[in-house]
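The residues making up each chain are set out below.
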Amino acid sequence: MPSRGSAGGSRARLPEVVPFEVSRVSRENWENGSRVADADASSLRGRWGTVGASWEVSVFVATRETVLLRVRTPVGRERFYETTQRDVQGVVTALDASSRWRRLD
């Protein structure tokens, strides 16, 4: 089942503003997420921002099987989510296709 909406229970959920669904996602704490995103071993696959607002989504390839999503809120808070490589193609496609999001890199 896709994960959307506000956090609740044991399921991690992405904020409603994000224009995609990920079937398997887990929330990472800020310290671990920022360490993985900044690591030399991970690579930035893309960065998108909302048009007329300040939300931002970055996609990092962390390992051969794992992708890290960084969601930056309008007030600058960063939330990190881990998902699989299999799910990331839909993420990139949805962000590129959305009229509310534009590629920043």
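This text goes with the structure placed above it.
Residues numbered from 1 in each chain as written. Predicted model: local features only at pLDDT ≥ 70, side-chain atom pairs only at ≥ 80, totals over all residues. Heavy atoms only, no water.

Overview of helix H1 (residues 30–38)
For an α-helix, 3.6 residues make a turn, and residues three or four places apart therefore share a direction. How we decide: The buried label applies to any residue whose accessible area, calculated with a 1.4 Å probe on protein chains only, is under 20% of its type's maximum; exposed applies above 50%, and partly exposed to all values in between. The way it works is that DSSP assigns letters per residue, a run of H or I at least four long becomes a helix, a run of E at least two long becomes a strand, and they are numbered from the N terminus. The arc refers to the directions leading from the helix axis to the C-beta atoms. Contacts: residue pairs with any heavy atoms within 4.5 Å of one another. Identification of polar contacts relies on pairs of N or O atoms within 3.5 Å, with a donor-acceptor requirement for protein atoms, meaning one able to donate a hydrogen and the other able to accept it, and with residues adjacent in sequence counted only if both atoms are side-chain atoms.
Those residues of H1 not exposed but buried are Gly-33, Ser-34 and Ala-37. The buried side chains of H1 occupy one side of the element, clustering within an arc of 95 degrees when seen end-on. Set apart from the buried face of H1 by more than 90 degrees, the exposed residues are Glu-31 and Arg-35. Of the surrounding secondary structure, the elements contacted by the buried residues of H1 are strand E1 (26–28), strand E3 (56–61), strand E4 (66–72) and strand E5 (78–84). Capping of H1 at its N-terminal end is provided by Asn-29; its side-chain oxygen lies 3.2 Å from the backbone amide nitrogen of Glu-31.

Remarks on the pairing of E5
Cut-off, in case you're wondering: A pair of strands counts as paired when DSSP detects no fewer than two bridges linking them.
Two elements, E1 and E5, share three bridges in a ladder whose sense is antiparallel. When the bridges of E5 are listed, Arg-27 appears paired with Tyr-81. Two successive antiparallel strands, E4 and E5, enclose a turn made up of five residues, where Gly-76 displays a positive phi of approximately 95 degrees.

Topic: the sheet that holds E4
Spelled out, the test is: Here the axes come from fitting lines to C-alpha atoms, over the contacting stretch only for helices, and the angles between their N-to-C directions go from 0 to 180 degrees.
The six strands lie next to each other as E1-E5-E4-E3-E2-E6, forming an open sheet whose pairing is antiparallel. At either margin of the open sheet sits one strand with a lone partner, and together these are E1 and strand E6 (101–103). Between one strand axis and the next, the sheet turns by 25 degrees as a mean value, whatever way the strands run. Across the sheet, H1 lies against E1, E3, E4 and E5, angled at about 70 degrees from E5, the strand it touches most. On top of the sheet, helix H2 (residues 85–97) reaches strand E2 (43–50), E3, E4, E5 and E6; it is set at about 35 degrees to E2, its chief contact.

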